[in-house]
Amino acid sequence: MAERSFAAEVGKLRQGAGTTFRGEGILAVTKALLQSGVAYVGGYQGAPISHLMDVLGDAREILSEFDVYFENSASEATAAAMLAASVHQPLRGAITFKSPVGTNVASDALANLASGGVTGGSLIIIGEDYGEGSSIMQERTHAFAMKSQMWLLDPRPNLQAIVDTVQAGFELSEVSNTPVMLELRLRSCHLHGTFTAEDNRRPPMTVKDAIESPRRELSRIVLPPASFLHEHEKHEKRWPAAVRFIKERGLNEIFGDGLADIGIIVQGGLYNTLNRSLELLGSSDAYGRTTVPLYVMNVTYPVVDDEIQDFCADKRAVLLLEEGQPDYIEQNLHAILRRAGSDTVLHGKDMLPPVGEYTSTAVTRGVAQFLRKYLPEAIAHEPALLRPDTDPASPFAPRVAPPTMRQRPPGLCTGCPERPIFSALKLAERETGQHHISADIGCHLFAINEPFNLGATTMGYGLGSAGAAALNSKDADRRTIAVMGDGGFWHNGLTSGVGNAVFNENDQLLVVVDNAYSAATGGQDLLSSQADNPIRSTKHPIEKAVRGIGVRWSRTVTNTYRVSALRDLFIKALTTKEPGPKVIVAQSECQLNRQRRVKKQQSEALNTGQRVVRERFGVDPETCTGDHACIRISGCPSLSITDNPDPLRTDPIATVLDSCVGCGVCGANAHAAVLCPSFYRTDVVHNPTLRDRFLAAVRARWISFASRGLEKRAARYEVAAQ
């Protein structure tokens, strides 16, 4: 069950020629694929293109009407290998995944694809996860495009520009026999706007046609001597064909040419940020009517030498906006200009940040420095963000003392079934000692932060087990622990992790967190998901898979909220004499997905007058000791502190906030760790029956009767305290 359904929006994909399409960026990309006559689409979910996969899944009926094959790929490598269908056949194919991590995984297939080349248009839609909102290491996909010579498109964040670039990307791929990368940044994926639609096209050749008419061209297969000829073909045929197409179609754009003797060159994806900066400086407006000439690189690789030389020919200086490092484009432009004998001064990362996201603040400061030096009259305004941070009028001036505002590290959601796993592991380590823990990609990686502090490394999706492979010694007094999610397990972990551990008789303990979905990427179904999926095969147990490749010691826990039982199982797994890898599959449904389903069911039940019971937990203020150990072992966002109602005690006590979802892990932790017994459970009954009302009245009277003596004694203490 994906985190969002696009079932209502996908109807827009049927719009015909001449109509105005209104929607989100990922919807526009899907529409562009249909307008381009795509024959097959695949991909692997991951921000910022997870919703693109969700849209494609929800649009499967429309795709099938045009005989378009769609597949949720097992990994990015699987998706990339799908493009092999376009090597010999004139099939247009598109794949999508997160980058650069997804490109890392897919790089072997992409390198082979780029070597032999393609016949049908091949488009790789990458979600460039770079900058302050990123969840991965900070790298750029540009290096992959250069390494394997795949053209890289980076369209302006504008729906019409994006749609046009998708369609042009297929044509560019076909005329140059080269796979094309289309880079979509976070803001482009979720940008809302309009474009003029065209009719959807049935692919001239469908997947069925290709199956029934197989083709084979020996020169396209990557094997010597053909592989040596591929390199010459890239340089002598494919590159010139690509440059010619880019120039003829005007894929790169120029705005305001001739208005000044300076200019700015910008990656297409940064155009909106640049225009906003120019607007703040008074050098442009919201509609892009700039007074400074701009060269917008909607194609960032290959760089078209002639266009760069022509743009710079009448300019004293130009500024290049290239986000991230290394400065690939800046070096390329220096080489082009100096070889041509140009005197134009090129600025880039000497005026702009060498690393990090090019936010509006960073770009405005860099552009302002450039304009002050070469065209000061172009600056009509001095926005406050140009002031130094020490200036009280600056929006970045400190408003409070730094120690007052502490960083809040990311953590697990309220009720997350992974929280009790790490609580149980912390409790187990009290008896077994600390262990080296190899972490993995997924929500469970938040355990490296407070309050758990578990996990030393993370090597990649599904590589938690492999990350602990070297730390394997028969002479050591303890074994290492690896953590892996169910998404990572099916992506890469079964072979690279578990299979490797079995083959090498590794003594590690592997904990597979099975929350029934690929939760971190949006809640998509997996092989081991328990949901009934009409178009996918699910309900394949992880334990059955690991036993199938040779694991002898494996256990499945179906309720991770039983902290004491899970702690005992960890101790057993860490102390058993059984050789080989040990695997614990910790199962409990992702709380976010569960709440999406349960809240809807409860709302429908309430509206129809049905009886609904919600479990809530609380803390008895008279029992709580105020040592906050329950918070340190849990870290639940719903577990906080409040004032102590006892006038004789000043330490704040624990309290449960209204965001509690009733998972009960707070009480289970307190019991397992032998903390104060202050937690209680309350059942909140909506639309109560007559029996519920009767029982509530009886309980209220009994509690009132039993507490009369306590109230009298408490009243005496209160009088004495006054």
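Chains are numbered independently. Their residues run from 1 in the order of the written sequence. pLDDT decides what is reported in this predicted model: residues at 70 or higher carry local features, side-chain atom pairs at 80 or more are listed and counted, and totals for whole chains, interfaces and linings draw on all residues regardless. Side-chain numbers come from the whole structure's heavy atoms, not from hydrogens or water.

Looking at the overall build of the protein chain
Numbering of helices and strands runs from the N terminus, with a helix taken as a DSSP run of H or I at least four residues long and a strand as a DSSP run of E at least two residues long. When helices and strands are counted, the protein chain shows 24 helices and 24 strands. Taken along its principal axes, the extent of the C-alpha atoms in the protein chain is 95 × 65 × 60 Å. A total of 722 residues make up the protein chain; the buried ones form 51% of that total. A total accessible area of about 33,500 Å² is found for the protein chain, and carbon and sulfur atoms account for 53% of it. Across the protein chain, the mean location of the 75 positive side-chain charges is 7 Å away from that of the 80 negative side-chain charges. When accessible area is computed with a 1.4 Å probe and restricted to protein chains, residues below 20% of their type maximum are described as buried, those above 50% as exposed, and intermediate ones as partly exposed. The Shrake-Rupley method, run with a 1.4 Å probe sphere, supplies the accessible areas, and residue values consider only the shown protein chains as cover. Charge counting treats Lys and Arg as positive and Asp and Glu as negative, with His and both chain ends excluded. Where a charge lies is defined by one atom per residue type, namely NZ (Lys), CZ (Arg), CG (Asp) and CD (Glu).

Some thoughts on the sheet that holds strand E10 (residues 262-267)
Paired strands, as defined in this entry, are two strands with at least two bridges between them according to DSSP. Pairing is mixed across the open sheet formed by five strands, whose spatial order is E9-E11-E10-E13-E14. The open sheet has two free edges, formed respectively by strand E9 (253-255) and strand E14 (345-347), since each of these has just one partner strand. When strand polarity is set aside, the average angle formed by the axes of neighbouring strands in this sheet is 20°. Bridging between E9 and strand E11 (residues 294-297) involves three bridges; their strand directions are antiparallel. Bridge assignment links Glu253 to a residue of E11, and that residue is Val296. Throughout, a residue-residue contact means that at least one pair of heavy atoms, one from each residue, lies within 4.5 Å. Lines are fitted to the C-alpha atoms to define the axes, a helix being fitted only along its stretch in contact, and any angle between axes, read from their N-to-C directions, falls within 0 to 180 degrees. Each of E9, E10, E11 and strand E13 (317-321) is contacted by helix H13 (residues 305-312), which is oriented at about 150° to E10, the strand it contacts most. Packed onto the sheet, helix H15 (residues 360-374) meets E10, E13 and E14 and runs at close to 175° relative to E13.

Focus on the sheet that holds strand E16 (residues 457-458)
Overall, parallel pairing links the six strands, which are arranged E16-E15-E17-E18-E20-E19 in an open sheet. Edge strands, defined here as strands with exactly one partner in the open sheet, are E16 and strand E19 (553-557). Sitting on the sheet, helix H19 (residues 563-575) is in contact with strand E17 (481-485), strand E18 (509-514), E19 and strand E20 (582-587), with an inclination near 175° to E19.

Here we look at the side chain of Ser678
In this fold, Ser678 is placed in the loop between helix H22 (665-672) and strand E24 (679-686). In this view, Ser678 contacts Gly618, Val619, Asp620, Thr623 and Cys624; residues no more than four positions away in its chain are not counted.

Observations regarding the packing of helix H12 (residues 271-281) against H15
Axis separation between H12 and H15 bottoms out at 9 Å; the angle between their running directions is 60°. With respect to each other, H12 and H15 are oriented oblique. Two packed elements cross with a definite hand, and for H12 against H15 that hand is right-handed. Within the contact between the two elements, H12 uses Thr273, Leu274, Arg276, Ser277, Leu278, Leu280 and Leu281 and H15 uses Ser360, Val363, Thr364, Val367, Ala368 and Leu371. Angle categories: roughly parallel below 35 degrees, roughly antiparallel above 145, roughly perpendicular from 65 to 115, and oblique for all the rest. Here a crossing is taken to be left-handed if its near helix is turned anticlockwise relative to the far helix by less than a right angle, and right-handed if that turn runs clockwise.

Digging into a nonpolar patch on the surface
Patch criteria: residues need more than 30% relative accessible area and no salt bridge. Like-charged residues are merged within 9 Å; nonpolar side chains of Val, Leu, Ile, Met, Phe, Trp and Tyr are merged within 5 Å. Salt bridges are identified by distance alone: a Lys or Arg side-chain nitrogen within 4 Å of an Asp or Glu carboxyl oxygen. A contiguous nonpolar patch, built from Leu218, Ile221 and Leu223 and spanning about 290 Å² of accessible area, is present on the exposed surface. Take Leu223: it is sitting in the loop between helix H10 (207-212) and helix H11 (226-249).

Description of the environment of Lys98
Residue position: Lys98 is located in strand E4 (residues 93-99). By relative accessible area, which is 10% here, Lys98 ends up buried. Separated by 427 residues in the primary sequence, Lys98 and Asp525 have C-alpha atoms spaced 18 Å apart. Contact partners of Lys98, with chain neighbours within four places excluded, come to Tyr44, Gly46, Ala47, Ile49, Thr103, Gly127, Asp129, Ser135 and Ile136. Throughout this description, a polar contact denotes any pair of N or O atoms lying within 3.5 Å of each other; where both atoms belong to protein, one of them has to be capable of donating a hydrogen while the other can accept it, and for residues adjacent in sequence the pair is counted only when both atoms sit in side chains. From its side chain, Lys98 meets the backbone oxygen of Ala47 in a polar contact 2.9 Å long. Among the polar contacts listed, one links the side chain of Lys98 to the side chain of Asp129, at a separation of 2.6 Å.

Focus: the packing of helix H16 (residues 419-432) against H22
For any two helices packed against each other, one specifies the inter-axial angle together with the distance between the axes. At a minimum axis distance of 11 Å, the contact between H16 and H22 shows a crossing angle of 10°. The orientation of H16 with respect to H22, classified from their angle, is roughly parallel. Facing Arg419, Pro420, Ser423, Leu427 and Arg430 of H16, the residues of H22 in contact are Val665, Asn669 and Ala672. The nonpolar class holds Ala, Val, Leu, Ile, Met, Phe, Trp, Tyr, Cys and Pro. Asp, Glu, Lys and Arg form the charged class, and all remaining residues, Gly among them, are polar. Tallied by class, residues from the contact of H16 with H22 come to four nonpolar, two polar and two charged.

Quick notes on helix H17 (residues 486-503)
Taking 1.5 Å of rise per residue, 18 residues should cover 26 Å, yet H17 covers just 21 Å from first to last C-alpha, more than 12% shy of that figure. Fitting axes to the seven residues that end at a residue and to the seven that start at it, the angle between those axes gives the bend at that residue. Its axis deflected by about 90° at Gly493, H17 carries its strongest bend there. Each residue after the first adds 1.5 Å to the expected span of a helix.

What to know about the side chain of Arg479
Looking at where Arg479 falls in the secondary structure, it is placed in the loop between E16 and E17. Given a relative accessible area of 9%, Arg479 falls into the buried group. The residues touching Arg479, leaving out its near neighbours within four places in the chain, are His435, Asp507, Gln508, Leu509, Ala573, Leu574, Thr575, Thr576, Glu578 and Lys582.

Brief notes about the environment of Gly258
Within the element layout of this structure, Gly258 appears in the loop between E9 and E10. We classify Gly258 as exposed; its relative accessible area is 55%. Residues Gly258 and Lys315, 57 residues apart in the sequence, show an inter-C-alpha distance of 9.2 Å.

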